[in-house]
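# Coordinates in review
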Amino acid sequence: MGRRRPDTPTLEEVAARAGVGRGTVSRVVNNAAGVRDSTRQAVQQAIAELGYVPNLAARTLAGRRADAVALVVTEPDWRLFAEPFFSEIVSSLGDALADTGMQLLLTMVRSDTERKRFLEYARGGRVDGALLVSVRADDTLPDMLAEARLPTVMLGRRSGDEHVSYVDADNAGGARSAVTHLLATGHKAIATITGPLDMYVAQSRLRGYRQALAAAGLRTDESWIAEGDFTEESGRRAMARLLEQHPEIDAVLAASDTTAAGALRELRATGRRVPEDVAVIGFDDFPLSEQTEPRLTTVRQPLAEIGRAMVRLLLEELEEPAVAWRHVILRTELIRRDSA
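Please read these numbers as outputs of a predicted model, since none were measured by experiment.

So, about the environment of Pro-76. Along the chain, Pro-76 falls in the loop between strand S1 (68-73) and helix H5 (84-97). Taking the C-alpha atoms as reference points, Pro-76 and Ser-111, separated by 35 residues in sequence, lie 8.1 Å from one another. Setting aside chain neighbours within four positions, we find Pro-76 in contact with Arg-110 and Arg-136.

Have a look at this one:
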């Protein structure tokens, strides 16, 4: 094979002329997906201006892309796939990948055997990266993928000192704003129904609840906290338990809209009026929140923006591996409707 002449432009020179990274030039040369049109045009213009000719052997090696991303769901409970969260996040990720030409492959990983199987699958080059959803605190899969150097981005995080790249909503801040609103509108006997507390998202929303009460000088009594699992039925059961222990409850923060819907059902069954007797606030702002009776006041987490941010981080990692893990936390917003 011939050796480049000293005056032959290099890939690094093309990258410098286009103002992009070396990996981006490689993806354009190999016609790979995941490069914005404006970036692709800038690289192609630099190639034309410099007269760059790719090394075909290197091009073949660099071009080994699957053009597929795995959406890995680690939730062990099949019932939760009926919840709005999963359809909303799959939709947002699919929309974010729509213009890249990359396939989104749904993968279930619920046991050690399935973890090892997926790791072997990923190491075999069948996917270019992984998007992880519903990761529990003790799940080792993100670490395994990091060690395998597979670009990986999680929705949420396992703990406050997470090192793998993730995109999350400000869950503690959202819960804090909800309880602060309840306090400002005269409520004092405020309970909460959490999500599963082996998930950091549920821990964060509970922390926001505690912080708002503490800021108002109110003590947190553990009997006013009932654990759920983000489902409607768990919301109904938790609300029944809270009412039995504390019939004086005048407000409740639920850790999801579906949990709040279950709480509304139980309040209606026991003759409580919402919001006159008990105010209710959910979390997520799914379409469901507009369909409950009354319409649900809730904390909006921006799922479309979360999907776009997850895909952006993953594509950037594919184009040029970053030195640091990247952590993105998006703002939440209290949406006031009729229930509080």
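So much for the structure itself; the text now carries on.
On to the pattern of salt bridges, then. Opposite charge on two side chains makes pairing possible when the charged atoms of those side chains draw close. Scanning the model with the defined rule gives 26 salt bridges in all. The salt bridge partner of Arg-158 is Glu-162, with a shortest N-O separation of 2.7 Å. Note on accessibility: Arg-158 and Glu-162 belong to one class, buried. With a closest N to O distance of 2.7 Å, Asp-285 and Arg-300 form a salt bridge. You can see Asp-285 sitting in the loop between strand S9 (279-284) and strand S10 (297-300) and its partner Arg-300 sitting in strand S10, a full 15 residues away along the chain. One salt-bridge network, held together by shared partners, links Asp-285, Glu-290, Arg-295, Arg-300, Glu-333, Arg-337 and Asp-338.

Turning our eyes to something else, we now look at the confidence of the model for the protein. Mean pLDDT over the protein stands at 87; residues scoring 70 or higher make up 91%. Contacts for the low-pLDDT stretch residues 1-6, under 50 throughout, to residues beyond four places or in other chains number seven contacts. Under a pLDDT of 50 for its full length, residues 55-62 has, in the predicted model, nine contacts with residues more than four places off or in other chains.

This paragraph deals with unusual backbone geometry. In most cases, non-glycine residues show a negative phi, while peptide bonds are predominantly trans. Look at the link from Val-274 to Pro-275: it is a cis peptide, with omega at 10°. Its place among the elements puts Pro-275 in the loop between helix H11 (257-269) and S9. Between Glu-293 and Pro-294 the backbone carries a cis peptide bond, its omega angle lying at 0°. Here Pro-294 is to be found in the loop between S9 and S10. One non-glycine residue, Arg-149, adopts positive backbone phi at about 60°. Topologically, Arg-149 is positioned in the loop between helix H7 (141-147) and strand S4 (152-155). Its relative accessible area of 75% is what places Arg-149 among the exposed residues.

Rules used in this analysis
In this numbering scheme, every chain counts its residues from 1 along its sequence in written order. Local features in a predicted model are, by the rule used here, given only for residues with pLDDT of at least 70; side-chain atom pairs are given and counted only at 80 or more, and totals for whole chains, interfaces and linings are based on all residues. The side-chain values count all of the structure's non-hydrogen atoms but skip hydrogen atoms and water molecules. Helix and strand definitions here come from DSSP, where helices need a minimum of 4 consecutive H or I residues and strands a minimum of 2 consecutive E residues; each element is numbered from the N-terminal end. Residues are treated as being in contact if the distance between any of their heavy atoms lies within 4.5 Å. A pairing counts as a salt bridge when a side-chain nitrogen of Lys or Arg comes within 4 Å of a carboxyl oxygen of Asp or Glu. To sort residues, take the accessible area from a 1.4 Å probe on protein chains only and compare it with the maximum for the residue type: under 20% means buried, over 50% means exposed, and anything in between is partly exposed. The predictor's confidence in any single residue is recorded as pLDDT, a number from 0 to 100.

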